[in-house]
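Per-entry structural report
Chain by chain, the residues run as shown.
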2 protein chains.
Amino acid sequence: MRDDSPLETKKLIMLPGPTNVPARVTNAMLRPMINHRGREFREMHARIIQNAKYVFGTKNDLFVLSNSGTGGVEAAVRNICSSGSKIIVPVNGEFSRRFLEAVNLLGGKGIEIPVELGNAVTVSQVEDALNQNSPVTAVAVIYNETATGVTTPNLRQIGELCRKHNTLFLVDAISIQGGVELPVDEWGIDICVTGSQKCLMTPPGLALISVSPKAWEIIRKTPRSYYFDLQLCKQFMENNEIPYTPAVTLFYALDEGLQMIREEGLEARFKRHTTCANAMYAAAEAMGLQPFARREVRSKTVVAIKYPNGIEDKKFRGTLDSQYRIAVAGGMGKTKGQIFRVGIMGSVSEFEIMATATAVESVLSELGYGLNTGEAVKAAREVFSKAK
Amino acid sequence: MRDDSPLETKKLIMLPGPTNVPARVTNAMLRPMINHRGREFREMHARIIQNAKYVFGTKNDLFVLSNSGTGGVEAAVRNICSSGSKIIVPVNGEFSRRFLEAVNLLGGKGIEIPVELGNAVTVSQVEDALNQNSPVTAVAVIYNETATGVTTPNLRQIGELCRKHNTLFLVDAISIQGGVELPVDEWGIDICVTGSQKCLMTPPGLALISVSPKAWEIIRKTPRSYYFDLQLCKQFMENNEIPYTPAVTLFYALDEGLQMIREEGLEARFKRHTTCANAMYAAAEAMGLQPFARREVRSKTVVAIKYPNGIEDKKFRGTLDSQYRIAVAGGMGKTKGQIFRVGIMGSVSEFEIMATATAVESVLSELGYGLNTGEAVKAAREVFSKAK
C-alpha cells in the first residue's frame with residue numbers, strides 16, 4: 001500500500017505511553033469481529049475483568065471503558081461530583097493540574113494542594129487540607145505524575161486518612177498500574193483509574209476503573225451521566241455486557257496483555273520495572289545528568305532527566321528519533337525544553353534500556369556534550385547484573 | 001493460545017454494527033506503535049480527516065473521537081447544550097429515544113416528536129414543532145433508526161427549515177454514513193455524527209463528528225466540556241493532533257477503511273448497499289415475511305424483518321448462529337422478540353446476502369415455518385442480476 005510510509009518501520013517507543021506492544025498482543029487484534037451482545041464477547045469480557053482485578057488487587061467492581069485515560073478521569077470525577085462537591089488534588093505537574101481542572105469543569109470545587117515540581121505531596125499536607133475544608137467528597141492523588149516522573153509515596157497512609165475523614169480516596173494510576181505495586185483494596189482506594197497503553201502494554205483507547213462499595217454510596221446520590229454512567233455499566237455487567245458498543249479489537253488486545261501479565265506474575269513484573277528504571281537512572285547519572293525528581297520520589301515507570309546546559313530539546317529528540325529510531329518524550333508545561341522523559345512500561349526489558357542508554361550517550365556526545373563514552377552503558381549493565 | 005476459543009473461528013457478522021472488517025483493514029492494525037505527538041501520527045491524521053470529509057461531503061471541521069458512537073452523540077449534544085436549551089428529536093425507535101434521553105440528561109430540554117414505530121417523521125411535523133417551541137437550539141434527526149430499519153427521508157427539506165428558523169440541524173448518521181447518500185454541506189447539516197464500526201467497515205471504538213461554522217457560534221457560547229470538548233479538539237487540529245492519547249491502532253484501521261472507500265468511490269458504494277438491501281428485502285418477501293418498516297422509509301443499511309407466527313427469536317437466531325455461523329440482531333425495546341435485523345454495511349456484497357438468505361430460509365423451514373425452499377434465494381439473485 002504505502003511502502004514509503006514511516007509507519008511501516010518499527011521504532012522503539014520509549015514514551016511514557018503509548019508504549020511498545022508485544023507481538024502477541026498486536027496479533028490478538030487479528031481475531032475476527034464478533035457480536036458484542038453474544039456469548040464470545042461475554043466470555044472474553046468476564047475473563048478480562050477477572051484478570052484486571054488481579055492486576056488491581058481488588059475485589060471491587062471494575063469496568064473497562066472505550067475511551068482514553070482522560071475519559072477514565074472524567075468517569076471517576078463525574079460520577080461522584082455533585083454541584084460544589086469538594087475534591088482535594090495535590091498538584092505537582094501537568095497531569096495533576098489537568099485533574100484539578102477536570103474537577104472544576106465537571107461542577108465540583110477543586111481544592112489544590114500546591115506541590116513543588118519534582119516532589120510529591122506529604123501525608124500531613126493532605127491531613128491539613130482535609131481539616132481545613134471539611135466536608136470533602138474525595139482526595140484525588142495522581143499516583144505517578146507522568147509529566148515530572150514523580151511517584152507519590154505513602155498512598156496507604158493517605159488511604160487511612162481518607163477512611164478516618166469519611167472521604168473517598170481516588171487514585172489516578174494511569175501511567176503506573178501494572179508496573180509498580182498498587183494493591184487497591186489493601187491501600188483503601190475507592191476509585192482507581194488506569195489506561196490500556198501504559199504498563200498494561202496494550203494499544204491506547206481503553207480506560208479501566210475500579211469502584212468500591214463506599215464509592216457506590218456517593219455515586220448513587222450523584223446526577224447520572226450519559227457516556228460515563230457507571231451505574232449503567234454496573235447494570236450491564238450483571239450480564240457481562242457493556243452499555244454501548246465496546247472497542248472490540250482493543251478488548252482482544254487487553255485480554256492478551258492481561259493474560260501475559262498473569263503468566264509473568266505481578267512480583268516479577270514489579271521487579272522488572274524497578275530494575276529497568278534503576279538502570280536508566282544509573283545511566284543518566286553516569287553521564288553526569290540529573291533526574292528531575294527528588295531521589296525519594298523517583299518514578300519507576302517514567303524517568304525524567306534534566307538536559308545539561310547547551311543541549312537543545314528538539315535537536316536531541318529529533319536526532320534520537322531519526323538516527324536511532326528511538327522515541328522519547330520532552331517536558332510539558334513548565335518543564336518544556338528542560339527535560340526529556342523515558343517510559344519504563346509494559347514489556348520493557350534490558351534490551352530497550354541498553355539501546356536507549358547507548359543512543360542517548362551517542363547523541364549527547366554528537367551534540368557536543370562532554371562525556372566518557374561507555375560509562376552510561378556500563379552503569380546500566382551493572383544494575384542489571386546485580387538484579388539477576 | 002486458546003485454540004478452543006470460539007473467537008478463533010470466523011463468523012459472518014450480519015449485525016447492524018459491528019460489521020465484517022475487511023482483511024486489509026484488520027491487517028492495518030499490525031502497524032507498529034507510534035508517537036501520537038510525532039510526524040507519523042500527524043500525517044496519518046491529516047489523511048484520515050481529508051478522506052472522512054470526502055465521505056461526509058463536507059468542508060466543515062471534522063474530528064475523530066476515541067470512543068463509541070454514543071460518545072459521539074454526547075459530544076454533539078453537550079457542546080451545543082446550555083441549561084434548558086431546547087432540542088427537537090423525532091422519536092421512532094430505541095436509538096432516537098436514547099438521543100432524547102441524552103438531551104435531557106445533558107442539561108437540555110428534549111422536545112419529542114412521537115413517530116409511529118416503522119415510520120419516519122415528516123417535514124411538516126418538524127415545522128409544527130419548530131413553530132410551537134421557538135426558540136429552538138437544534139433539530140436532531142436520527143437519519144437511520146437502527147432499531148427499526150427506518151431511514152428518514154427529506155433531510156434536505158428539514159435542513160432548509162432549520163436554516164429558515166435559524167436553528168442548528170444535527171444528524172445522527174451512525175448506522176448509515178458512508179453507505180447511503182448523505183452530503184452534509186449540500187443538505188445543510190451543522191453537526192453530523194457517525195461511528196467507525198458501521199458503513200466505514202472499521203472495528204468499533206471511534207466516532208466521527210463534523211461541525212459547521214453556524215454550530216461553532218453556538219459551541220463557543222456553551223459551557224466547556226472535558227473529554228468531549230470540541231473547542232479543544234479544534235485547537236489541537238491546527239497542529240493535526242488530538243487533545244488526548246488517541247486509539248492509535250483504530251486510527252490505522254480507519255485510515256485503511258477510508259482509503260478503500262475512496263478507491264471504490266461513493267457512488268458505487270451507495271449502489272452496492274442499495275442492491276444488497278433490495279435483495280434482502282426481496283428474499284424476505286419471497287419467503288412471505290414482512291419488513292418492519294413502511295415501504296417508503298425502508299433502510300438500505302438495516303433490514304428489519306417481522307417474525308412469522310410461531311417462530312421464536314432466541315431459537316431462530318441461536319440456530320442461525322450455531323449451525324450457519326451467521327450473526328443477526330433481534331429487536332430492541334418494544335420490538336424485542338418480534339423482529340430480526342440484518343446489517344447491510346461496509347464491505348457487504350452479494351456473497352454475504354446470498355449466504356444469509358439461504359441460511360434464513362433453511363432455519364425457518366427447520367423450525368416449522370412453511371415455505372417453498374429456493375424462492376428466497378431466487379428472488380435475491382434476481383435483484384443482483386438486474387443491478388449488473
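This one's a predicted model, so the numbers in the text were calculated from it and none came from an experiment. (Residues numbered from 1 in each chain as written. Chains lettered and ligands numbered in written order. Predicted model: local features only at pLDDT ≥ 70, side-chain atom pairs only at ≥ 80, totals over all residues.)

1. Notes on the nonpolar core
Core analysis: the largest hydrophobic core is formed by 270 residues, its most contacted members being V139 and M280 of chain A together with V139 and M280 of chain B. Ignoring any residue separated from it by four or fewer positions in sequence, one finds M280 of chain A in contact with V303, V342, I344, I353, A357 and A380 of chain A. (Core = buried A, V, L, I, M, F, W, Y, C linked by C-beta atoms within 7 Å. Buried ≥ 20, exposed ≤ 12 C-beta atoms within 10 Å, placed from the backbone. Contact = placed C-beta atoms within 7 Å.)

2. Some thoughts on the pairing of strand 3 (residues 86-91) of chain A
Residue and element names in this part refer to chain A. Counting buried residues in strand 3 gives six out of six residues, a clear majority hidden from the surface. Bridge count between strand 3 and strand 4 (residues 109-114): six bridges; the pairing is parallel. Residue K86 lies in a different strand from strand 4, and its bridge partner there is K109. Read from strand 3 through helix 4 (residues 94-105) to strand 4, the crossover connection turns out right-handed. As paired elements, strand 3 and strand 5 (residues 138-142) share two bridges and run parallel to each other. Bridge pairing links I88 to V139 in strand 5. (Helix = DSSP H or I, 4+ residues; strand = E, 2+ residues; numbered from the N terminus. Pairing = 2+ DSSP bridges. Right-handed = clockwise from strand over helix to strand, strands pointing away.)

3. Points about the packing of helix 2 (residues 39-56) of chain B against helix 9 (residues 248-264) of chain B
When two helices pack together, you describe them by how their axes are tilted relative to each other and by the distance separating the axes. All names here are of chain B. Where helix 2 contacts helix 9, the two axes come as close as 9 Å, and the packing angle between them is 45°. What the angle tells us is that helix 2 and helix 9 run oblique. Handedness of the crossing formed by helix 2 with helix 9: left-handed. Taking contact as the criterion, the partners of M44, R47, I48, N51, A52, Y54 and V55 in helix 2 are, on helix 9, F251, L254, D255, L258, Q259, I261 and R262. (Axes fitted to C-alpha atoms, helices over the stretch in contact; angles between N-to-C directions. Parallel < 35°, antiparallel > 145°, perpendicular 65-115°, else oblique. Left-handed = near helix turned anticlockwise from the far one by under 90°.)

4. As for the confidence of the model for chain A
Residue and element names in this part refer to chain A. Looking at chain A as a whole, its pLDDT mean stands at 96, while 98% of the residues score no less than 70. The low-confidence segment residues 1-6 (pLDDT under 50) makes two contacts with residues lying over four places distant or belonging to another chain. This prediction of the complex comes with two scores: 0.96 for pTM and 0.96 for ipTM. (pLDDT = per-residue confidence, 0-100.)

5. Here's the deal with the packing of helix 11 (residues 313-324) of chain A against helix 12 (residues 350-366) of chain A
Residues and elements named next belong to chain A. Their axes nearest at 10 Å, the elements helix 11 and helix 12 cross at an angle of 120°. Considering the angle they form, helix 11 stands oblique to helix 12. Here helix 11 runs over helix 12; the crossing is right-handed. Of the residues in helix 12, those in contact with F316, T319, L320 and Y324 of helix 11 are A359, V360, V363 and E366.

6. A word on the sheet that holds strand 3 of chain A
Residues and elements named next belong to chain A. Spatially, 2-10-9-8-5-3-4 is the arrangement adopted by the seven strands of the open sheet, whose pairing is mixed. For this open sheet the edge positions go to strand 2 (61-65) and strand 4, each flanked by a neighbour on one side alone. Here the strands of the sheet are splayed against their neighbours by 20° on average, with no regard to which way each runs. Both strand 5 and strand 8 (residues 168-172) contribute to a ladder of five bridges, which runs parallel. Its bridge partner being in strand 8, I142 is matched across the sheet by D172. Strands in contact with helix 7 (residues 213-221) are strand 8, strand 9 (191-195) and strand 10 (207-211); relative to strand 8, the strand with the most contacts, it is inclined by about 100°.

7. What to know about the relation of the copies chain A and chain B
For these two chain copies, the linking operation is a rotation about an axis paired with a shift along it. The transform that puts chain A on chain B rotates by 180° and translates by 0.0 Å along the axis, for an RMSD of 0.0 Å. These values place the two chain copies in the arrangement generated by a two-fold rotation axis. Taking C-alpha positions as the reference, the residue of chain A nearest the rotation axis is N67 of chain A, at 2.4 Å. Most of the interface of chain A is mirrored in chain B: 100% of its interface residues are interface residues there too. (Least-squares fit on C-alpha atoms with pLDDT ≥ 70 in both.)

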